[in-house]
Amino acid sequence: MPAGLTIHPAIYRLDELMVYDIFYVNLTSGNDANDGKSVANAKKTITNAISAATSGTPTKIYVWSTDGGEYDEGGTQAAEINKDNIHVIGINRPRLHANLTISGANSSSFQGLYTRIPTGNGLTFSAAAKDSMFKDIVLEPTADGQVLCNFGDSTNCRFENIVGVQTGYDIRTFDSNASKHCVAKDVHNGSVGRTNAFAVIGGGNPLGNTFINCTGVGDFQDSPLDANSGYTTLIDCAIDGKYTKNSNVVGTRFISCLLYTSPSPRDLSTSRMPSSA
């Protein structure tokens, strides 16, 4: 760079400037006694690699796909990121049998995975996670009543490009609980013909969440607990069910959305909040 020339760092993408610690995970050839710092010395489980990472140090954990193999995380059936700036990234979409959770972490993520949900929620933010993300993940439900995406009590978190495969189970797409200013984009529930809720927007006073290009089967339940919550926005969403709300709902907006109710679809515009159907 010529002497005296200063380039403001904001013109660079942060990811290009950041130096990451790297860990590798391989179900077939890995061993959790390894340091995980090279492909040849990969770890065996995602959980062990997360444990080896330093919170706050930018870290990428690469998880290798294995033919016919399925990560079950040592029988715990859970993989949890509870440290800041940790990114678990699948290579060729490895298969897991695990719940995935980002708990109390800032700026962390799970990306590029396929997971069979053992019980409960597939993807969960918890313990006031912030600025974190689940992206490019396929979920396979295994029982009625499971939830694909749970925002928990997170802030500024995101679900993006999440697909729940068709299994015939009665599956809920979202719980938003006490989340604030979160986004779900390109989330699709494949449980065609089932009757469970597309989303429960409530249970813990969510505020200012946005759903973009999301689809699902079941009712959209808009039920924050008090008037200090609400202001949910849905954009380009299609819901095969009915819209229900309680008396505390404020500020819900539908932009270019379709609500498929008998006898025909309804176009929901920003000019009004639809009544329960």
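Conventions used here
Residues numbered from 1 in each chain as written. Predicted model: local features only at pLDDT ≥ 70, side-chain atom pairs only at ≥ 80, totals over all residues. Heavy atoms only, no water. Helix = DSSP H or I, 4+ residues; strand = E, 2+ residues; numbered from the N terminus. Buried < 20%, exposed > 50% of the residue type's maximum accessible area, 1.4 Å probe, protein only. Contact = heavy atoms within 4.5 Å. pLDDT = per-residue confidence, 0-100. Phe/Tyr/Trp six-rings, centres within 6.5 Å; stacked < 30°, edge-to-face > 60°. Salt bridge = Lys/Arg side-chain N within 4 Å of Asp/Glu carboxyl O. Polar contact = N/O pair within 3.5 Å; in protein donor to acceptor, adjacent residues only side chain to side chain. Core = buried A, V, L, I, M, F, W, Y, C linked by side-chain atoms within 4.5 Å.

S.K.: Explanation requested: the overall build of the protein chain in the structure shown.
M.R.: Broken down by element type, the protein chain carries two helices and 23 strands. Burial analysis of the protein chain (277 residues in total) assigns 46% to the buried set. Considering only residue pairs separated by 6 or more positions, the protein chain has 57% of its internal contacts joining residues 24 or more positions apart.

S.K.: Just to check I follow, could you spell out the confidence of the model for the protein chain for this structure?
M.R.: Low pLDDT marks regions whose predicted coordinates should not be analysed in detail. Residue-level pLDDT values for the protein chain average 81, and 77% of them are 70 or greater. Looking at the elements of the protein chain, mean pLDDT is at its lowest for strand β23 (residues 264-268), recorded as 51, and at its highest for strand β1 (residues 21-25), recorded as 97. Of the regions scoring below 50 in pLDDT, residues 1-12 engages in four contacts with residues more than four places distant in sequence or in other chains. This stretch, residues 269-277, has a pLDDT under 50; its non-local contacts, to residues over four places away or in other chains, come to 22 contacts.

S.K.: Could you clarify how one ought to interpret the packing of aromatic side chains in this entry?
M.R.: For any pair of aromatic rings, the description consists of the separation of the ring centres together with the inter-plane angle of the planes. As enumerated under the stated definition, the model contains eleven aromatic pairs in all. Geometrically, the ring pair formed by Phe125 and Phe151 is stacked, given 6.5 Å between the ring centres and 15 degrees between the ring planes. Here the residue Phe125 occupies a position in strand β8 (residues 121-126), and Phe151 occupies one in the loop between β10 (147-150) and β11 (158-164), the gap between them amounting to 26 residues. Under the relative-accessibility criterion, Phe125 is labelled buried at 1%. Among the aromatic residues, ring-to-ring pairing joins Phe110, Phe125, Phe134, Phe151, Phe159, Phe174 and Phe211 into one connected group.

S.K.: Sorry if this is basic, but what is going on with unusual backbone geometry here?
M.R.: The bulk of non-glycine residues show a negative phi, and the bulk of peptide bonds are trans. With a phi close to 55 degrees, Ser107 is a non-glycine residue in the positive phi region. Along the chain, Ser107 turns up in the loop between β6 (99-103) and β7 (109-116). Not every positive phi belongs to a glycine, and Asn213 is a case in point at roughly 50 degrees. Following the sequence through the fold, Asn213 ends up in the loop between β15 (210-212) and β16 (215-217).

S.K.: How should I be thinking about the pattern of salt bridges in this particular structure?
M.R.: One side chain can pair with another of opposite charge once the charged atoms of both are near each other. This structure, assessed with the given rule, holds five salt bridges. Where Glu160 meets Arg158, a salt bridge forms, and the shortest distance between an N and an O atom there is 2.7 Å. By relative accessible area, which is 17% here, Glu160 ends up buried.

S.K.: How should the side chain of Asn150 be read in this particular structure?
M.R.: Residue placement: Asn150 occurs in strand β10. Within the structure, the side chain of Asn150 is placed 2.8 Å from the backbone nitrogen of Gly152, a separation counted as a polar contact. Beyond its immediate stretch of four places on either side in the chain, Asn150 contacts Asn121, Leu123, Thr124, Phe125, Phe159, Asp175 and Asn177.

S.K.: Hey, could you run me through the nonpolar core in this one?
M.R.: Grouped burial of nonpolar side chains is what soluble globular proteins tend to show. Counting 50 residues, the largest nonpolar core has Phe110, Phe134 and Phe159 as the members making the most contacts within it. Ignoring sequence-local partners within four residues, the contact set of Phe110 consists of Ala79, Glu80, Ile81, Val88, Leu100, Thr101, Ile102, Met133, Phe134, Lys135 and Ile137.

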